[in-house]
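An overview of the molecular structure
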Amino acid sequence: MSRIFCIGETVFDIIFEGTQPAAGKAGGSMLNSAVSMGRMHLPVYFVSEYGQDFLGKYIDDFLKNNGINTEYVYRFSTGKTSVALAFLDEKRNASYSFYKELPGKRLDIPLPDFTPTDYVLFGSFYAINPEIRDTIVKLVKHARQAGSTIMYDPNFRKAHLHELPQLLPMIIENLQLASLVKASDEDLLMIFGAQDFEASYQTITQYCPNLIYTQNSKDVIFKNPHTQIHVSVPKINPVSTIGAGDSFSAGVLYYLFSSRLTHQNLSSLDDITAKQLVQTGIDFASHVCMSYDNYISEEFANSYRTLSR
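Residues numbered from 1 in each chain as written. Predicted model: local features only at pLDDT ≥ 70, side-chain atom pairs only at ≥ 80, totals over all residues. Heavy atoms only, no water.

**A closer look at the packing of aromatic side chains**
- A full pass over the atoms with the stated rule returns 19 aromatic pairs.
- Taking 5.4 Å as the distance between ring centres and 45° as the angle between the ring planes, the aromatic pair formed by Phe 62 and Tyr 295 counts as tilted. Note that Phe 62 is positioned in helix α2 (residues 54-65) and Tyr 295 in the loop between α9 (271-288) and α10 (298-308), a separation of 233 residues in sequence.
- Judged by its relative accessible area of 3%, Tyr 295 is buried.
- Ring centres of Tyr 96 and Phe 98 lie 5.7 Å apart, and the angle between their planes is 20°; on these two criteria the pair is classed as stacked.
- Owing to a relative accessible area of 25%, Tyr 96 belongs among the partly exposed residues under this scheme.
- Ring pairs connect the aromatic residues Phe 5, Tyr 45, Tyr 72 and Phe 114, which therefore count as one cluster.
- Here the basic side chain of Arg 3 rests over the ring of Tyr 45, its NZ or CZ set 5.7 Å away from the ring centre. (Phe/Tyr/Trp six-rings, centres within 6.5 Å; stacked < 30°, edge-to-face > 60°. Helix = DSSP H or I, 4+ residues; strand = E, 2+ residues; numbered from the N terminus. Buried < 20%, exposed > 50% of the residue type's maximum accessible area, 1.4 Å probe, protein only. Lys NZ or Arg CZ within 6 Å of the ring centre and 35° of its normal.)

**Topic: the environment of Phe 114**
- Residue placement: Phe 114 occurs in the loop between β7 (94-101) and β8 (119-123).
- Among residues more than four places away in sequence, those in contact with Phe 114 are Arg 3, Phe 5, Val 120, Leu 139, His 142, Ala 143, Ala 146 and Ser 148. (Contact = heavy atoms within 4.5 Å.)

**Some details on the sheet that holds strand β10 (residues 180-184)**
- Across the sheet, which stays open at both edges, the 9 strands sit in the order β5-β4-β1-β8-β9-β10-β11-β12-β13 with mixed pairing between neighbours. Each edge of the open sheet carries a strand with a single partner, namely β5 (68-76) and β13 (228-231). The mean inter-strand angle of the sheet, taken between neighbouring strand axes irrespective of direction, is 15°.
- Two strands pair when backbone bridges link them, and strand β11 (residues 211-215) and strand β12 (residues 218-223) are joined in this way by 4 bridges, in the antiparallel orientation. Within the sheet, the bridge partner assigned to Gln 215 lies in β12 and is Lys 218.
- Across the sheet, α9 is in contact with β11, β12 and β13; its angle to β13 comes to roughly 35°. (Pairing = 2+ DSSP bridges. Axes fitted to C-alpha atoms, helices over the stretch in contact; angles between N-to-C directions.)

**Re helix α5 (residues 185-192)**
- Every buried residue belonging to α5 is among Asp 187, Leu 188, Met 190 and Ile 191, and all of these are buried. Buried residues of α5, seen end-on, are gathered within an arc of 165° and therefore sit on one face of the element.
- Lining the buried residues of α5 we find β9 (149-153), α4 (164-177), β10, α6 (197-204) and β11.
- Two residues or fewer after α5 comes Gly 193, characterised by a positive phi angle close to 75°. (Arc of directions from axis to C-beta.)

Next up, the structure:
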């Protein structure tokens, strides 16, 4: 049976409107994606770490209640589950302050028995964090060797820009391991100095042939060696954009999984299939922007599954 593995950080997000907390949510980029896919009734396995404290138990229960398998989560007793304060600006984008008390022993889990029909999603700083880098590489290389389909989202933050010379080789290695890269215009401008889509694709194609390029409220572009398509993004007044990119990734993986498309198909997708792939990501992301939740609602998931049949 095909499975989806999401490898990433776990935090508890406290979302602020001005100086007032407005919501508290289980968070972390890949966790957000995992919950959206869990609500679509996909077989999702979360690969992460969080404590045995109150927040850790809350997050663990939340994940299981959303149908997510947590057998590859490392539950530590020394240290505390990480907290992120997210401050929304007038455009509903967030800036973050992180509070972490992690143990010396990190991500101590067995390697999953990846198969050629499995999917892996990884990215953000967690995928290039020197403290756990060896484990991340071991996991993703193991999946690659097994023939799994791998999606990478750099999701690079300005806060780490001063570390880019040290982090760049890890980002490039991640790109080389990926079957599909989903990256924003801001990501690729900060990381590679790519000023537009063409420069971005020329850079990415050195490492991975398939790119989904997001531009906030502008067209999303997909390109592989055989096709290039543009899909427009609807105009909305967002409540919060915190989970938008993560939900976009969830939509893309939902489409790949449901259509049984793997790395063997990605480089030869036709225009129609590529547009449907991107549109699913946009649908998920647009919905998530309309609330403080970092993931699609159960109502949206139920209706979308019905429409997809």
